[in-house]
Amino acid sequence: MMRVVRETYIIFKKDMLIWFKSPVVPVIRALVFPLLWIVIFGTAFGGTVEHIPVALVQEDFGAHAQGLVQELNKKEVLEIRKTTNYATAFRMLTRKEVYGVIFIPPGFSQAIGDGGQGRVQLSTDETSPQISSALIAHVYDAAGVYSDRVVLERRPAGGGPAEVVDPVVMEKNTVFGRGIEYLDFLAPGVVMMTIMFSAMFSGGLGVIVDREFGTLRMLMAAPITKDAIILGKIIAGVMQSIASGIVALIIAMLMGVELESGALGVLLIVLLMFIAGFGFIGMSTAIGARSKTLEQFMVMMQVIVMPMWFLSGGLYPLESMPGWMRVVATVNPLTYATDAVRAVMLRGIVWDILALDFLILISFSVVMFAMGSLAFKRTID
Amino acid sequence: MDIIVTRDLTKEFNGLTAVDGVSFSVKKGEIFGFLGPNGAGKSTTINILTTLLLPTRGTATVNGYDILTQQDDVRRSIGIVSQDVVLENELTARENLILHGEVYGMARREIEERIPRLLKLVELEGREDSRVKTFSGGMKRRLEIVKSFLHKPEIIFMDEPTTGLDPQSRRVVWDHINYLNKEEGVTIFLTTHYMDEADYLCHRIGIMDFGRLLDLDTPENLKNKIGAGDLVDIGFTGDGEAFVREVQEGCGWEVRSHEPGHLRIAANRAELSLMKLVRIAEETGVTIDSLSVREPTLEDVFIHYTGRAIREQAAENVTRAVLRRLR
């Protein structure tokens, strides 16, 4: 056991030393290439958002309240979920089950009926700018339409001038993601994407290049165990990916992206990079070991990496994708990695949401690491 | 004392026999060479002896350790110079040596102590902190040779150690191989398809073709086996029938080959009988156009055993090595 650890460290150190000689190139490659895609494609992807879940807490069942709810129900973009009390609705918001909570307080109908103003509260999660802007626009619109109706009804029979005040007043309260812009939304996606690109290309590439140039054979002929060679190379690959990911994170923060959860959040993000890195390196190693040539491997990578990235929710929210794409996204490990990093960065640490992401990522990584190691072992046997 | 012993070593790849029941032994302290064309099974044999491949049948011991059951001991006993350059180009000469030493379980201090002497040995002193990618092909080869010697192995295996090098660099590499063998007492096991290399370096040579070991002896003995003495090549014009008969019967010389206009004979101390040859030519009405007397080379030995020359394959081999380098 001690022997494997010592030898693994030697191989790890060797690969890291080689990497340190020119770390800029791999980091730039992992960063610039995907960013270029964002510029080219990112702006072209407009996707409209549909089926935004919203909780409705109704504590007033007067005529005006019912009228407003009717208007809200007409909005097909919103998926209204009636909820009995505010505490439950807020918990749903925390758990990302809904993106907003509409609260109609008692006395709402009374106030309007008396000729005054009824107030409605809208609490929002704005960590996903496309979703929150659509949500806010539609809720406000429904309120506006109902206001107009009330104003029309209040008109004196003589046909005098209408009142200027709106009977329905919206009060917005941003719970998550205050002041979030698209860049904040994009940053977690780019950080994880950097990990994926770096890991996917370095893992299999290592196998193929070492195989072609015979350095692997030299190690094989040395008094060192195969397990140590495999472990050392994979861990070195993960560390190199994390280095790229951290550079991406630093760039994002320099550009003003907020980090809600502070130092613990950074630790969690690095942990996520580590887990995902293992998975992607394993996956890539398995593919590299099966590829006969470098070209074959590169083609495979493009075929896998690109869709995985576009369908991860890193660029645009999953809610803006058509149904079949969303199905692909749910089996995409990068979706969960991106989701977790985004949650940590923009919403703070909420274990309820993170637990599932972590569970799925860890399972993915364990399976992929096992596959990669086995495939690697076969190529050097 | 035999440092390598193989018995009935056989390796099959998908029904193809790369090494076919090879048995031989290498003495401690000698330079032993495998001579043969590409695909003869030389590299496969080395791969088996260095524990990179498992034999289909047969067994071998290296430095007294079984290649099947004591692989780690075998690995610690040997150094390898492979056909391809397997240095890390981005790292310096010193870093390459340190990494190698650590992989072989050496202490950092011991490695550092050995590096200056080793680099001086191959005339790379002063270059220890240059990146290997700035080295010429010959320099890389030399660095690989001392790298293989860093962990003080008993035996160094060298697979085509001078392929792809220019004649001058080859000479230098030969000198280093001789030095390691004579001064450091390292047993050398090399493969080559260069006749001159095998002749110059090796104490004993095994001739391999199609996976079989055709013969194994000192270069002198191998040459003597194909007929004592010199080879005489005669180019002539005229009716050869009577001439050839006279040469054969009158002088008792052995005719090696006879084509129209060309005759090759083997003779002891041929220079003493040249006048007689000229007289026979005059008597049989034949004009001699060219005449050469030479000692037999390993090339002749190889042709004797395999019925063909090694040159064509050799040329092809060099091209491949160059292509590999370019890639």
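Residues numbered from 1 in each chain as written. Chains lettered and ligands numbered in written order. Predicted model: local features only at pLDDT ≥ 70, side-chain atom pairs only at ≥ 80, totals over all residues.

*Asks:* Explanation requested: the sheet that holds strand 14 (residues 287–294) of chain B in the structure shown.
*Replies:* Hydrogen bonds along the backbone pair up the strands of a sheet, which may run parallel or antiparallel. All names here are of chain B. Pairing in this open sheet of four strands is antiparallel, and the strands run 12-13-11-14 from one edge to the other. One side of each edge strand has no neighbouring strand; the edge strands of this open sheet are strand 12 (254–259) and strand 14. Going across the sheet, the axis of each strand differs from the next one's by a mean of 15 degrees, ignoring polarity. In the sheet, strand 11 (residues 230–237) pairs with strand 14 via seven bridges, with the strands oriented antiparallel. Directly across from F236, in strand 14, lies its bridge partner I288. (Pairing = 2+ DSSP bridges. Helix = DSSP H or I, 4+ residues; strand = E, 2+ residues; numbered from the N terminus. Axes fitted to C-alpha atoms, helices over the stretch in contact; angles between N-to-C directions.)

*Asks:* I'm lost on helix 6 (residues 129–154) of chain A in this one. Help?
*Replies:* A turn of α-helix holds 3.6 residues, and therefore any two residues three or four places apart point the same way. Taking 1.5 Å of rise per residue, 26 residues should cover 38 Å, and helix 6 of chain A covers 37 Å from first to last C-alpha, within 8% of that figure. Buried residues along helix 6 of chain A sit against strand 1 (52–58), helix 3 (63–74), strand 2 (78–83), strand 3 (100–104), strand 4 (118–125) and strand 5 (168–176) of chain A. (Expected span 1.5 Å × (residues − 1). Contact = placed C-beta atoms within 7 Å.)

*Asks:* Help me understand the pairing of strand 1 of chain A, please; the structure alone is not making it clear to me.
*Replies:* Successive side chains on a regular strand alternate, one facing one side of the sheet and the next facing the other. Residues and elements named next belong to chain A. Counted residue by residue, strand 1 has five buried out of seven residues, so it is predominantly covered. Regarding the hand of the β-α-β motif, the stretch spanning strand 1, helix 3 and strand 2 is right-handed. Inspection of the sheet shows strand 1 paired to strand 3 by five bridges, in the parallel sense. For V54, the partnering residue across the bridge sits in strand 3 and is G100. (Buried ≥ 20, exposed ≤ 12 C-beta atoms within 10 Å, placed from the backbone. Right-handed = clockwise from strand over helix to strand, strands pointing away.)

*Asks:* What is the right way to look at the sheet that holds strand 1 of chain A in this model?
*Replies:* Residue and element names in this part refer to chain A. With mixed pairing, the five strands of this open sheet are ordered in space as 2-1-3-4-5. A strand with exactly one partner marks an edge of an open sheet, and here the two such strands are strand 2 and strand 5. Averaged over all pairs of adjacent strands, the angle between their axes in this sheet comes to 25 degrees, without regard to strand direction.

*Asks:* Help me out: how do you make sense of helix 4 (residues 108–121) of chain B in this one?
*Replies:* Residues and elements named next belong to chain B. For helix 4, spanning 14 residues, the distance from its first C-alpha to its last is 20 Å, which sits close to the expected 20 Å at 1.5 Å a residue. Of all bends in helix 4, the biggest is about 35 degrees, found at I115, and the proline P116 comes one to four residues later. Of the residues making up helix 4, those classed as buried are I111, L118 and L119. The inward-facing, buried residues of helix 4 contact helix 3 (93–103) and helix 5 (137–149). Looking one or two residues beyond helix 4, the residue adopting positive phi is E123, at roughly 55 degrees. (Bend = angle between axes of the 7 residues up to and from the residue.)

*Asks:* Help me out: how do you make sense of unusual backbone geometry in this one?
*Replies:* If a residue is not glycine, its phi is most likely negative; likewise, a peptide bond is most likely trans. The phi angle at K96 of chain A is positive, at roughly 65 degrees, despite the residue not being glycine. For K96 of chain A, the position within the fold is in the loop between helix 4 (86–94) and strand 3. On the neighbour-count criterion, K96 of chain A (18 C-beta atoms within 10 Å) is partly exposed. With a phi angle near 45 degrees, N14 of chain B is a residue other than glycine that sits in the positive phi range. In this structure, N14 of chain B sits in the loop between strand 1 (2–13) and strand 2 (16–27).

*Asks:* Looking at this model, I keep getting lost on the domain arrangement of chain A. Mind explaining?
*Replies:* It is common to give the size of an interface as the accessible area that goes away when the parts come together. Residues and elements named next belong to chain A. Here the domain parsing of chain A yields domain 1 (2–44 + 182–380) and domain 2 (52–176). Centre-to-centre separation of domain 1 and domain 2, based on C-alpha positions: 44 Å. Domain 1 puts 12 residues into the contact, and the matching count from domain 2 is 10 residues. Put simply, the parts of the chain that give the side of domain 1 that touches domain 2 at least two residues each are helix 7 (182–213), helix 13 (333–347) and helix 14 (351–380). Broken down by element, the side of domain 1 that touches domain 2 gets its largest block of residues, three residues, from helix 13. (Domains from an automatic or database assignment.)

*Asks:* Honestly, the packing of helix 3 of chain A against helix 6 of chain A in this entry has me stumped. Any pointers?
*Replies:* Relative orientation and spacing of two packed helices are given, respectively, by the angle between their axes and the distance between those axes. Residues and elements named next belong to chain A. Where helix 3 meets helix 6, the axes come as close as 9 Å, and the angle between the chain directions of the two elements is 135 degrees. Here helix 3 lies oblique to helix 6, going by the angle between them. Our pair here, helix 3 against helix 6, has a crossing hand that is right-handed. Contacts from G67, L68, E71 and L72 in helix 3 reach A142, A143, V145 and Y146 in helix 6. Of the residues contributing to the contact of helix 3 with helix 6, the split by class is six nonpolar, one polar and one charged. (Parallel < 35°, antiparallel > 145°, perpendicular 65-115°, else oblique. Left-handed = near helix turned anticlockwise from the far one by under 90°. Nonpolar A, V, L, I, M, F, W, Y, C, P; charged D, E, K, R; others polar.)

*Asks:* For this particular structure, what's the right way to read the nonpolar core?
*Replies:* Note on soluble globular proteins: their nonpolar side chains tend to be buried together. Membership of the largest hydrophobic core comes to 147 residues, with the highest contact counts inside it found for M196 of chain A together with I156 and I188 of chain B. The dominant element in this core, judged by the number of residues it contributes, is helix 7 of chain A, at 15 residues. Listed in part, the 29 residues of the second largest apolar core include I52, L68, A142 and Y146 of chain A. (Core = buried A, V, L, I, M, F, W, Y, C linked by C-beta atoms within 7 Å.)

*Asks:* Any chance you could explain the interface of chain B and chain A here in plain terms?
*Replies:* Each partner contributes residues to the interface: chain B has 19 residues there, and chain A has 17 residues. For the side of chain B that touches chain A, the secondary structure elements donating two or more residues are helix 2 (71–77) and helix 3 of chain B. The dominant element in the side of chain B that touches chain A, judged by the number of residues it contributes, is helix 3 of chain B, at four residues. Along the lines of polarity and charge, the residues of the side of chain B that touches chain A split into seven nonpolar, four polar and eight charged.

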